[in-house]
Amino acid sequence: MDTQFFVSLAIILASFALYIGIAVFNRARRTSDFYVASRGVPPVWNGMAIAGDWMSAASFIGMAGTVMILGYDGLAYIMGWTGGYLLLTFLLAPQLRKYGRYTVPEFIGDRFESHTARVIAAVGTMVVSFVYIIGQLSGSGVVIGRLFEIETVIGTMIGVVVIAVYATFGGMRGITWTQVAQYLVLITAYLIPIIFMSLQITNNPLPWMTYGEIVSKLGELDAELGLTQYFAPFQTGTKGQFLALMFCLMAGTAALPHVIVRFYTVSTMKAARWSGAWALVFIGLLYLSAPAYAAFSRFILMTQVAGQPLDSLPAWTQAWINTGQLQLADQNGDGILQWQEIVISNDIVVMATPEIANLGVFVIGLVAAGAMAAALSTAGGLLIAISSSFAHDIYSRLINPQASDKKKLLVARITIALATVVAGVVALNPPGVITQIVAWAFSLAAGTFFPVLFLGVWWKRANAKGAIAGMLTGLGVTLGYILLSTNFDFSLFGIQDTGAGVFGLPISLLVTYLVSILTAPPSQKVQDEVVDLRYPEQMSYKDGEVWMKEPGR
Amino acid sequence: MKKVDKQVAEAYFRKRVRLMIGYLIVWALVSFGVVALAEPLSGFTFNGMPFHYFMGAQGSILTFIVLLFVNAVVTDRIDKEFGIDEKANEGLHTGKPLDH
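Residues numbered from 1 in each chain as written. Chains lettered and ligands numbered in written order. Predicted model: local features only at pLDDT ≥ 70, side-chain atom pairs only at ≥ 80, totals over all residues. Heavy atoms only, no water.

1. Observations concerning the overall build of chain A
Condition: Runs of H or I in DSSP of at least four residues are treated as helices and runs of E of at least two as strands, each being numbered from the N terminus. As a reference, a globule follows 2.2 Å times the number of residues to the power 0.38, and the radius of gyration itself is taken over C-alpha atoms. For every residue, the accessible area obtained with a 1.4 Å probe (protein chains only) is divided by the maximum for its type, and the residue is called buried under 20%, exposed over 50%, and partly exposed between those limits. When checking whether two residues touch, look at their non-hydrogen atoms; a contact exists if any pair is within 4.5 Å. Here the accessible surface of atoms and residues is derived via Shrake-Rupley with a 1.4 Å probe, and residues count as covered only by protein chains that are part of the display. Charge counting follows a simple rule: Lys and Arg are positive, Asp and Glu are negative, and His as well as the terminal groups are ignored. Taken as the charge centre is NZ of Lys, CZ of Arg, CG of Asp or CD of Glu, depending on the residue.
From N to C terminus, chain A includes 21 helices and four strands. The C-alpha radius of gyration of chain A comes to 24 Å, within 12% of the 24 Å expected for a compact globule of 553 residues. Structurally, chain A occupies a C-alpha span of about 80 × 50 × 45 Å along its principal axes. Counting over 553 residues, chain A shows a buried share of 64%. Contacts spanning at least 24 positions in sequence make up 81% of the contacts within chain A whose residues lie at least 6 apart. With the model as given, the accessible surface of chain A reaches about 18,300 Å², and the carbon-plus-sulfur share is 65%. If the 30 positive side-chain charges of chain A are averaged to one point and the 30 negative ones to another, these points end up 19 Å apart.

2. Some details on the pairing of strand E4 (residues 545–548) of chain A
Consecutive side chains along a regular strand alternate between the two faces of the sheet. Threshold: Strands qualify as paired when DSSP identifies two bridges or more between them.
Side chains Val 546 and Met 548 of chain A of E4 of chain A all project onto a buried face; the interleaved residues Glu 545 and Trp 547 of chain A project onto a face where none is buried. Across four bridges, strand E3 (residues 539–542) of chain A lies against E4 of chain A in antiparallel orientation. Note on E4 of chain A: the bridge partner recorded for Met 539 of chain A is Met 548 of chain A. Following E3 of chain A, the chain reverses through two residues before pairing antiparallel with E4 of chain A; Asp 543 of chain A in that reversal takes a positive phi of roughly 50 degrees. Bridge count between E4 of chain A and strand E1 (residues 2–4) of chain B: three bridges; the pairing is antiparallel. Bridging across to E1 of chain B, Trp 547 of chain A finds its partner in Lys 3 of chain B.

3. Here's the deal with the nonpolar core
Stated formally: Side-chain atoms within 4.5 Å are what join buried Ala, Val, Leu, Ile, Met, Phe, Trp, Tyr and Cys residues into a set we call a nonpolar core.
Judged by nonpolar contacts, the single largest core of 198 residues is most densely connected at Phe 60 and Ile 108 of chain A together with Tyr 53 of chain B. Considering each element in turn, this core owes the most residues, 22 residues, to helix H12 (residues 269–305) of chain A. Within the second largest apolar cluster, 13 residues are counted, among which are Tyr 535 and Tyr 541 of chain A together with Ala 9 and Ile 84 of chain B.

4. Details of the interface of chain A and chain B
Applicable threshold: Two parts placed together each lose some accessible area under a 1.4 Å probe, and the buried area is that loss summed for both. For this analysis, a salt bridge means a side-chain nitrogen from Lys or Arg found within 4 Å of a carboxyl oxygen belonging to Asp or Glu. What qualifies as a polar contact is a pair of N or O atoms within 3.5 Å, subject to a donor-acceptor requirement within protein and to the restriction that residues adjacent in sequence count only when both atoms come from side chains. When residues are grouped by polarity, Ala, Val, Leu, Ile, Met, Phe, Trp, Tyr, Cys and Pro land in nonpolar, Asp, Glu, Lys and Arg in charged, and all others, Gly among them, in polar.
Residue-level contacts link 76 residues of chain A with 62 residues of chain B. For the pair chain A and chain B, the summed buried area comes to about 6,200 Å², and 70% of that belongs to carbon and sulfur atoms. The largest share of the area that chain A buries against chain B comes from Phe 90, Arg 273 and Met 548 of chain A, three residues that together contribute 11% of it. Applying the counting rule to chain A against chain B returns four salt bridges. With a closest N to O distance of 3.2 Å, Lys 239 of chain A and Glu 39 of chain B form a salt bridge. Linking chain A to chain B there are seven residue pairs in polar contact (both at pLDDT 80 or more). Sort the elements by how many residues they give to the side of chain A that touches chain B and helix H5 (residues 75–99) of chain A lands first, with 14 residues. Grouping the constituent residues of the side of chain A that touches chain B by class yields 42 nonpolar, 17 polar and 17 charged.

5. Here we look at the sheet that holds E4 of chain A
Selection criterion: Axis definition: a line fitted to C-alpha atoms, over the contacting stretch in the case of helices. Angles run 0 to 180 degrees between N-to-C directions.
Ordered in space as E3(A)-E4(A)-E1(B), the three strands form an open sheet in which the pairing is antiparallel. Strands at the two margins of the open sheet, each flanked by one partner only, are E3 of chain A together with E1 of chain B. On average, adjacent strands in this sheet sit at an angle of 40 degrees to one another, irrespective of strand direction.

6. Overview of a nonpolar patch on the surface
All names here are of chain A. Here is the rule: Within this analysis, patches are made of residues with over 30% relative accessible area and no salt bridge. Like charges are joined at 9 Å or less; nonpolar side chains (Val, Leu, Ile, Met, Phe, Trp, Tyr) at 5 Å or less.
Together, Val 153, Ile 154, Met 157, Ile 158 and Leu 428 make up a nonpolar patch on the protein surface, roughly 370 Å² of accessible area in all. Mapped onto the elements of the fold, Ile 154 is located in helix H8 (residues 152–202). On the basis of relative accessibility, which here comes to 43%, the residue Ile 154 falls in the partly exposed class.

7. Regarding the UniProt feature "domain: Sodium symporter small subunit" (unreviewed entry) in chain B
The test is simple: UniProt positions are given in the numbering used here, feature names are shortened, and annotations may be inferred rather than shown by experiment.
Under the UniProt annotation, "domain: Sodium symporter small subunit" (unreviewed entry) lies at residues 10–85 of chain B. For the annotated span residues 10–85 of chain B, helix accounts for 82% and strand for 5% of the residues, and the straight-line distance between the end C-alpha atoms is 19 Å.

8. Comments concerning helix H3 (residues 51–81) of chain B
Residue and element names in this part refer to chain B. Short version of the rule: Working definition for bend: take the seven residues up to and ending at a residue and the seven starting at it, fit an axis to each, and measure the angle between the axes.
Taken as a whole, H3 carries its principal kink of about 40 degrees at Gly 59. Burial runs high along H3: 22 of the 31 residues are buried. Downstream of H3 by one or two residues, Gly 83 has phi in the positive range, about 75 degrees.

9. Some remarks on unusual backbone geometry
Residues and elements named next belong to chain A. We note that Glu 113 has phi near 45 degrees; this positive angle belongs to a residue other than glycine. Relative to the assigned elements, Glu 113 resides in the loop between helix H6 (104–111) and helix H7 (115–148). On the basis of relative accessible area, Glu 113 is assigned to the partly exposed category, the value being 47%. Backbone geometry at Asn 203 places phi at a positive 60 degrees, although glycine is not the residue there. Position of Asn 203 among the secondary structure elements: in the loop between H8 and helix H9 (207–225). Judged by its relative accessible area of 68%, Asn 203 is exposed.

10. A look at the environment of Asn 47 of chain B
Relative to the assigned elements, Asn 47 of chain B resides in the loop between strand E2 (45–46) and strand E3 (49–50). Assessed through its relative accessible area of 24%, Asn 47 of chain B is described here as partly exposed. Distance in space between the C-alpha atoms of Asn 47 of chain B and Ile 25 of chain B is 25 Å, their sequence separation being 22 residues. Apart from the residues lying within four places of it in its own chain, the contact partners of Asn 47 of chain B are Trp 208, Met 209 and Gly 212 of chain A together with Phe 54 and Gln 58 of chain B. One polar contact links the side chain of Asn 47 of chain B to the main-chain carbonyl oxygen of Trp 208 of chain A, over a distance of 3.3 Å.

11. Things to note about the pattern of salt bridges
Applying the stated criterion to the full structure yields eight salt bridges over all chains. Here Asp 110 of chain A and Arg 118 of chain A are joined by a salt bridge, their closest N and O atoms 2.9 Å apart. For the pair formed by Asp 110 of chain A and Arg 118 of chain A, the shared burial category is buried. A salt bridge links Asp 79 of chain B to Arg 273 of chain A, with the nearest nitrogen and oxygen atoms 3.6 Å apart. With Asp 79 of chain B in helix H3 and Arg 273 of chain A in helix H12, the pair connects residues from two separate chains. Neither residue differs from the other here; Asp 79 of chain B and Arg 273 of chain A are each classed as buried.

12. Some words on the packing of H7 of chain A against helix H19 (residues 464–488) of chain A
A pair of packed helices is characterised by two quantities: the angle between their axes and the separation of those axes. All names here are of chain A. In plain terms, the rule: Throughout this description, any angle smaller than 35 degrees is read as roughly parallel, any larger than 145 degrees as roughly antiparallel, any in the 65 to 115 degree range as roughly perpendicular, and the remainder as oblique. Helix crossings fall into two classes, left-handed where the near helix is turned counterclockwise from the far one by less than a right angle and right-handed where it is turned clockwise.
Here H7 crosses H19 at 25 degrees, and the two axes come no closer than 9 Å. One way to sum up the angle between H7 and H19 is to call them roughly parallel. As for how H7 packs across H19, the hand of that crossing is left-handed. Residues Thr 116, Ala 117, Ile 120 and Ala 121 of H7 form the contact with H19, whose participating residues are Ile 468, Met 471 and Leu 472. Of the residues in the contact of H7 with H19, the class split is six nonpolar, one polar and no charged.

Take a look at the structure:
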């Protein structure tokens, strides 16, 4: 128990107190508060909440490390996770906002007038969100475990309890403002270390302007050591895999139910467009910084740690060696640590670099608090998606349509508590690496939801049979490819399990189209509603004519 | 309620879709296009790093952000041009949960 421990503990507890305080202050009182924060969140704040909701343990803890280890190939994550916002903001969010439902399964169920489609979408939402949340919970376990010097398992349990408390009591309105606070904590925690590192290495406080030279220097250092240059493309996978992964991350971003639902919390289509734009600014701040983080970390490791005698390594190395995430072995027995002898896990790069760069106890504690904020905020949003799929789309639409608001809210809260506990149990022994699990969630969302949402919004002729067939084949093909690829080493065109959606999505799109045109068209009412989505709220499409509501009437 | 001329309504939609297709072409070029041409583009440098790396780490993201803001501003302008009043839009949906 040293100073570092107490400082980190104090910062984390203070940030937790802040989130819980906000959640309690904004307690949900009505159903519409719980799911969509009464639809009155201003775009800039909603953009910030989307950014907090969006940036998970994978973005905060994993991404810089992934770029550091994969070099150029890691940039597929950076481009994929930002470019998806264009698909979302252009093709889906404003239209879904005008349709005006609470959840994605509700849109699908009502748009296709089919309870079967509703249930498939609800189950699909639960599957995607559940896969995603496992990564968040085990991420929070790693941080808490490392920090409190307790086992990861107990760390995960603490994380589960905190998440369950605020997601259960706050609902979407509490979550909106909690996520804003979490965004501010996580972005501060991310930027401070790279600004200091930039000052240390290049005497310039703007990392985005300076790290380019470091990237080029890393290439030179690699060339001297006889390694492939850091920025050389397609060294860890094929070009096809890079493109497929990027495609899945983009389409998955557009179709992730817990992200779409954040666009329901604004008042209009215009506000949805602006929310998307602001969201990408706030997200971009971290994503533009991750490659800088990666470059500085690698540069410091290559120039200040590598080349040192093994018996005079700084104190930080021991703690990480004990976690098993860092290995320093003097393979050639010359007593000096070479770069090739350092084996570092990509999940600890962001957490360990401030220590490596000697940035002081406060910064190190702040980074831990930021990592927790990232894991908690995303887990909160995912839990809302899971609970609303069950409580709203299955329970109150199918099982007990007469349920009172109070009863529905109770069911939603019980679902959150149950889902957290079950996901927590799975997270104790996660089925894969965190970034890999998260990429599966994106591929599944891309294959299952993107085609049906896209055609549902833009093509009035899409019908229930097409949607059902499309969702089932999309989910089946994507899941099947992931399972075949991970268990039997199966691959087509050099594409790995993480890019599975590149097969699921087009097949699902084609199936939805073919089944729709081969079966009866949807009702005139639904077709009119779809045409209506082309126009802003004030204009409405009825009986083949467009009508404009005049202000004040 | 005032009836909107069919051609005006269609013009509104067509204008927006055309612009959107344009944005998506740029989107595809700066991401998929640049990745597909990564090897030849690595020949020259920008902001201190090889160009293909710059596009992946900075150029594409900045382009995406610009596209989203251009879309938001231009769509607002089109709305205005067609007489849409955002205040009226807000009045139609704010705080009004859907009843079923």
